[in-house]
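# Tertiary structure, described
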Amino acid sequence: MTPDIPTVMLCGCGWLGQPLGLKLRQVPINVYGTTTRSEQLPVLAAQDIDPIEFVLDKTDVANTVYSSSLLTAFTHTDVIVVNIPPGRRHLHAPPFIAGIKQLIQHAKNKNPNINIVFVSTTSVFGEMTGDVDEDTPVSPVTASGKAHAEIEQWCLNEFPKQACVVRLAGLIDEQRHPVTALVKRPSLANGKQRVNLVHKEDVIRVLVQILTTDFNHVAGRTLHLCAPEHPTRQDYYQAAAQHKGLGTLSFTRDDGIAGHGVVAEGKIVLAQKTQQWLGFKYQYSSPVSYTHLTLPTTPYV
């Protein structure tokens, strides 16, 4: 650790956290990075990220071990970024919620001045339709959505001057893309619904901005990161599948009807308020920007 420069702890230093840590080191900012896998410790160390092994027990909070190195690191940290996924399957929300709260509380107990960035998800809006923005009341449906919504509210209520929430739309980049899973399905519904996606590089750029400027500017706020353009699921995923050489997707005609014969577009996540607060522009303003896709206008099959 270099003295006299800020220090950030990335709780969750994986697909998003690791490149974020690299960018922060270039600022330069000291970076602690937690990982659940011991084999990742030398990988992070080689990138000048101070590694700490930490496993949040998502079934029983009492089983989570806080090492002396982690507790000591809390005392040297200016901002902690909590980005620990709940797991995609069979989530039991209460112990996950309790575990995240316990992690943040341990950090606060060791360092009362520490600031908190909680990385959340736009799934807190559940099955809502129409426009949703940073001020729209949440309506989660899944266990993950409900867990994130509760943790969001807890952070902002408990630490209104030292916490902010950053909700991410679906994360994509050139290598990691949901179409690789969608193409395995025999048919897909809701083709007219709009996609809500954001490129990983835009997320990293904004997080670096948040972590390198006066935290008072974002404290107490809920921020959205989502590309401003929202092509339909059918147009976007069809083009993405063809671009990747994955064949053609089959979409059914069973889109939800919003009434008066209008096909429902689902929800559209807006993030203009966040752009105005932070004063940034998306490098990838559309999910198709980085692949130069040509969106089709093919009829349903």
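Reading the values: the criteria
- Residues numbered from 1 in each chain as written.
- Predicted model: local features only at pLDDT ≥ 70, side-chain atom pairs only at ≥ 80, totals over all residues.
- Heavy atoms only, no water.
- Helix = DSSP H or I, 4+ residues; strand = E, 2+ residues; numbered from the N terminus.
- Buried < 20%, exposed > 50% of the residue type's maximum accessible area, 1.4 Å probe, protein only.
- Contact = heavy atoms within 4.5 Å.
- Areas by Shrake-Rupley, 256 points an atom, 1.4 Å probe, with all protein chains shown as cover.
- Lys, Arg positive; Asp, Glu negative; His and termini not counted.
- Charge placed at Lys NZ, Arg CZ, Asp CG, Glu CD.
- Phe/Tyr/Trp six-rings, centres within 6.5 Å; stacked < 30°, edge-to-face > 60°.
- Lys NZ or Arg CZ within 6 Å of the ring centre and 35° of its normal.
- Pairing = 2+ DSSP bridges.
- Axes fitted to C-alpha atoms, helices over the stretch in contact; angles between N-to-C directions.
- Parallel < 35°, antiparallel > 145°, perpendicular 65-115°, else oblique.
- Left-handed = near helix turned anticlockwise from the far one by under 90°.
- Nonpolar A, V, L, I, M, F, W, Y, C, P; charged D, E, K, R; others polar.
- Core = buried A, V, L, I, M, F, W, Y, C linked by side-chain atoms within 4.5 Å.
- Salt bridge = Lys/Arg side-chain N within 4 Å of Asp/Glu carboxyl O.

We now examine the overall build of the protein. Helix and strand content of the protein: nine helices and 13 strands. Here the C-alpha coordinates of the protein stretch approximately 60 × 40 × 35 Å along the principal axes. Buried positions account for 50% of the 301 residues belonging to the protein. Pairs at least 24 residues apart make up 76% of the contacts formed inside the protein by residues separated by at least 6 positions. When the accessible area of the protein is evaluated, it comes to approximately 14300 Å², of which 50% is carbon and sulfur surface. A gap of 3 Å separates the mean positions of the 26 positive and 26 negative side-chain charges of the protein.

Topologically, Thr129 is positioned in the loop between β5 (115-121) and β6 (130-132). Counting along the chain gives 137 residues from Thr129 to Gly266, while the straight-line C-alpha distance between them is 4.5 Å. Apart from residues no more than four positions distant in its own chain, Thr129 is found in contact with Gly266 and Lys267.

The subject of this paragraph is the packing of aromatic side chains. Applying the stated rule across the entire model yields four aromatic pairs. With 5.3 Å between their ring centres and 45° between their planes, Phe54 and Tyr66 make a pair best called tilted. Pair noted here: Phe54 is in the loop between β3 (50-53) and α3 (68-76) and Tyr66 is in the loop between β3 and α3, with a separation of 12 residues, a long-range link. Note on Phe54: relative accessible area 3%, which makes it buried. Here Arg221 stacks its cationic end above the ring of Trp277, 4.1 Å away from the centre of that ring.

A few words now on the sheet that holds strand β2 (residues 30-35). If you walk across this open sheet you meet the seven strands as β3-β2-β1-β4-β5-β7-β10, and the pairing is parallel. The two strands at the open ends of the sheet, each matched to only one other strand, are β3 and β10 (222-225). In this sheet, neighbouring strand axes are inclined to one another by 20° on average, regardless of whether the strands run parallel or antiparallel. Taken together, the four bridges between strand β1 (residues 7-11) and strand β4 (residues 79-82) define a ladder with parallel strand orientation. Residue pairing for β4: Met9 is matched across the bridge by Ile80. Lying over the sheet, helix α1 (residues 17-25) contacts β1 and β2, oriented at roughly 175° with respect to β1. Taken strand by strand, helix α5 (residues 143-158) contacts β5, β7 (163-168) and β10, and its axis lies near 155° from that of β5.

Before going further, it helps to spend a moment on the pairing of β5. Burial within β5 is extensive, with seven of its seven residues counted as buried. Side chains Asn115, Val117, Val119 and Thr121 project from β5 onto one buried face, and the interleaved Ile116, Phe118 and Ser120 project onto a second face that is buried too. Where β4 meets β5, four bridges bridge the pair, whose relative direction is parallel. Directly across from Val81, in β5, lies its bridge partner Val117. Taken together, the six bridges between β5 and β7 define a ladder with parallel strand orientation.

On to the packing of helix α4 (residues 93-110) against α5, then. Contact geometry of α4 with α5 gives a least axis separation of 9 Å together with a crossing angle of 30°. One finds that α4 runs roughly parallel with respect to α5. As α4 packs across α5, the resulting crossing turns out to be right-handed. Here Ala93, Phe96, Ile97, Ile100, Lys101, Ile104 and Gln105 of α4 lie close against α5, whose contacting residues are Ala143, Ala147, Glu150, Ile151, Trp154 and Cys155. Classifying every residue of the contact of α4 with α5 by side-chain character gives 10 nonpolar, one polar and two charged.

Turning to the nonpolar core, a few remarks are in order. Counting residues in hydrophobic clusters, the biggest one holds 41 residues, and the most contacted among them are Val8, Leu10, Leu24, Val117, Val166, Ile210 and Leu225. Only β1, α1, β4, β5, β7, α7 (200-212) and β10 provide two or more residues apiece to this core. At seven residues, α7 tops the list of elements feeding residues into this core. Judged by nonpolar contacts, the second largest core, of 33 residues, contains Ile80, Leu91, Ile116 and Leu156.

Time to look at the pattern of salt bridges. A complete count under the given rule lists nine salt bridges for this structure. Residue Asp48 is joined to Arg25 by a salt bridge in which the shortest nitrogen-to-oxygen separation is 2.5 Å. Note that Asp48 is positioned in the loop between α2 (41-46) and β3 and Arg25 in helix α1, a separation of 23 residues in sequence. Taking relative accessible area as the criterion, Asp48 reaches 46% and is therefore assigned partly exposed. Notably, a salt bridge pairs Lys101 with Glu150, separated by 3.2 Å at the nearest N-O pair.

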